[in-house]
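Topology and contacts: notes
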Amino acid sequence: MYFSSDWKFLTICLGFNSANSLFFCPWCTITKKEISDIKKEWLISKQIDNINQYNGHHSTPLFNMISLENWIPDELHIMLRITDRLWSLLLHEIEETGYFNDVAREIIVKEMNRIKVNFHFWQEKECQSWSFTSLMGQDKLKVLQFFDLNKVLPPTRANVIRNLWNGFFDLYTAIRDPNTDPKMFKRDAKMWLKIFLTPSTGIPNSDNFVQGLYRPNDVTPYMHVLVFHIHEFIEKHKKWGLKSFSCAPVENKNHQQVTQFFRKTLRDGGNGINRKSAILQILEFENRKLYYICNDSHNIPNTIKLQI
Ligand SMILES: [Zn+2]
């Protein structure tokens, strides 16, 4: 038996700490303080049978019949969350240089349009910080591959960050490739983290100063899993390939339902006693649709207006 989900659901079902805890990794005993130490080695070391002996495991796992090496991190969420981190680090850098103004925001939106990604910035009421469009997986991949960093950064800096983004895209592609060699993956992933953590050298504001990349605090739990555990999962599950355990189809289904049903949502509480839960309406609608597909393909019901 196998289990695969995003980080939050996995830790809930495992009866384990959240990702921002001191003991954050479901598979090994690393602490948050060690997350950026690339000299250390971490392997899947816990056992499901005595999992509550390890720090951070506060409850009995819901599925304790599944061996821990079969609790598989989801490749889609690795891509989504690490891309989020790379993107927010870029925005943070632009903000720090003091150029995150209307002009910079317009340049970013234009560049997003160029690569065919629908993207906006906006400010919530009484809020200083800027919110921006939450992108779907396919759009995140476009940004990761094609966003021209020269539009927002000086050329040398754009080049360094572009290499880092390309390196991550290559790792993500390798996770999904059934022919990936786990040893090579481990080496490449570790090298990528090393580049991510490139320290600055020289004296600031002098000629010999070379700006590094990111700080140890910027490393996330998903990056730890990417670097230290994914190669193990590739090796152990090469029969199926990690792509087989992807949550992408489930996320896609969720997205379809959200866009199909919730776009026209009435947020006024529905119509009294006839009101049904959203999930029930979705199931009933899909059930009806399946019935018509099986029995009379000419009469498929129209999309319903959902009340929640
Ligand atoms: Zn670990």
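Throughout what follows, the structure given in this document is the object of discussion.

Cut-offs used in this document
Residues numbered from 1 in each chain as written. Predicted model: local features only at pLDDT ≥ 70, side-chain atom pairs only at ≥ 80, totals over all residues. Heavy atoms only, no water. Donors = N, O, S within 2.8 Å, 3.2 Å for Na, K, Ca; no water. Tetrahedral: all angles 85-135°; square planar, octahedral: opposite > 155°, others 65-115°. Helix = DSSP H or I, 4+ residues; strand = E, 2+ residues; numbered from the N terminus. Buried < 20%, exposed > 50% of the residue type's maximum accessible area, 1.4 Å probe, protein only. Polar contact = N/O pair within 3.5 Å; in protein donor to acceptor, adjacent residues only side chain to side chain. Contact = heavy atoms within 4.5 Å. Expected span 1.5 Å × (residues − 1). Arc of directions from axis to C-beta. Core = buried A, V, L, I, M, F, W, Y, C linked by side-chain atoms within 4.5 Å. Domains from an automatic or database assignment. Phe/Tyr/Trp six-rings, centres within 6.5 Å; stacked < 30°, edge-to-face > 60°. Lys NZ or Arg CZ within 6 Å of the ring centre and 35° of its normal.

A word on the coordination of the zinc ion
Only Cys25 (SG), Cys28 (SG), His224 (NE2) and His229 (NE2) from the protein reach the zinc ion as donors, at distances of 2.0 to 2.2 Å. If you look at the zinc ion, its four donor atoms make angles of 103 to 116 degrees with each other, and the shape they trace is tetrahedral. Read from N- to C-terminus, the donor residues coordinating the zinc ion fall into the pattern C-x2-C-x195-H-x4-H. Taken as a pair, cysteine 25 in the loop between α1 (7–14) and β2 (71–73) and histidine 229 in the loop between α7 (221–228) and α8 (230–236) lie far apart in primary sequence, 204 residues in all.

Notes on the side chain of glutamate 111
Looking at where glutamate 111 falls in the secondary structure, it is placed in helix α3 (residues 102–114). Glutamate 111 gets classed as buried once you look at its relative accessible area, which sits at 2%. At 2.7 Å, the side chain of glutamate 111 forms a polar contact with the side chain of arginine 114. With residues up to four places along the chain from it excluded, the contact list for glutamate 111 reads Phe146, Phe147, Asp148 and Lys151.

A short note on α3
Here α3 is 13 residues long and its end C-alpha atoms lie 18 Å apart, about the 18 Å a rise of 1.5 Å per residue gives. Within the span of α3, buried status applies to Ala104, Arg105, Ile108, Glu111 and Met112. Looking straight down α3, one finds its buried side chains confined to an arc of 125 degrees; they lie on one side. Opposite the buried face of α3, at more than 90 degrees from it, the exposed residues are Asp102, Val103, Glu106 and Lys110. On its buried face, α3 sits against α2 (75–96), β3 (121–123), β4 (130–132) and α4 (137–146).

Quick notes on the nonpolar core
Core analysis: the largest hydrophobic core is formed by 75 residues, its most contacted members being Ile108, Trp165 and Phe196. Considering each element in turn, this core owes the most residues, 11 residues, to α2. In terms of domain composition, this core takes at least three residues from each of domain 1 (3–73) and domain 2 (75–245). Not counting residues up to four positions away in its chain, the partners in contact with isoleucine 108 are Trp87, Leu91, Ile94, Phe100, Phe119, Phe121, Phe147 and Val152.

So, the side chain of lysine 140
Among the secondary structure elements, lysine 140 is positioned in helix α4. Separated by 2.9 Å, the side chains of lysine 140 and aspartate 84 make a polar contact. When residues no more than four places from it in sequence are discounted, the contact partners of lysine 140 are Met79, Leu80, Arg81, Thr83, Asp84 and Leu135.

Focus: the packing of aromatic side chains
Per the counting criterion, the structure on display carries 18 aromatic pairs. Taking 4.9 Å as the distance between ring centres and 50 degrees as the angle between the ring planes, the aromatic pair formed by tyrosine 2 and phenylalanine 245 counts as tilted. One end of the pair, tyrosine 2, is in the segment before β1 (3–5); the other, phenylalanine 245, is in the loop between α8 and α9 (248–262), with 243 residues separating them in the sequence. Note on phenylalanine 245: relative accessible area 13%, which makes it buried. Measuring from centroid to centroid gives 5.7 Å for phenylalanine 3 and phenylalanine 63, while their planes differ by 40 degrees, and the two rings are tilted. Placement of phenylalanine 3 in strand β1 and of phenylalanine 63 in the loop between α1 and β2 is noted, with a sequence separation of 60 residues between them. Take phenylalanine 63: its relative accessible area is 29%, and that puts it in the partly exposed class. In textbook terms, an aromatic cluster arises when at least three aromatic residues are bridged by ring pairs, as seen for Trp87, Phe119, Phe121, Phe132 and Phe147. Over the face of the ring belonging to tryptophan 130 we find arginine 105, whose NZ or CZ atom lies 3.7 Å from the ring centre.

Description of unusual backbone geometry
When glycine is set aside, most residues are seen to have a negative phi, and most peptide bonds are trans. Positive phi values are uncommon outside glycine, yet lysine 116 reaches one of about 65 degrees. Counting through the fold element by element, lysine 116 comes out in the loop between α3 and β3. Positive phi, normally seen in glycine, also occurs at asparagine 205, with a value near 70 degrees. Following the sequence through the fold, asparagine 205 ends up in the loop between α6 (182–196) and α7. Judged by relative accessible area, which is 83%, asparagine 205 ranks as exposed.

Quick notes on the environment of asparagine 64
Mapping asparagine 64 onto the fold places it in the loop between α1 and β2. Spatially, the C-alpha atom of asparagine 64 lies 9.8 Å from that of asparagine 50, the residues being 14 residues apart in sequence.

Re α2
An α-helix turns once every 3.6 residues. As a result, residues three or four positions apart point the same way. With 22 residues, α2 should reach 32 Å at 1.5 Å per residue; the first-to-last C-alpha distance of 32 Å fits that figure. Capping the start of α2 is the job of one residue whose side-chain oxygen sits 3.2 Å from the backbone nitrogen of leucine 76: aspartate 74. Just past α2, the residue glycine 98 takes up positive phi, approximately 85 degrees.

Read these as spatial facts, not as claims about activity.
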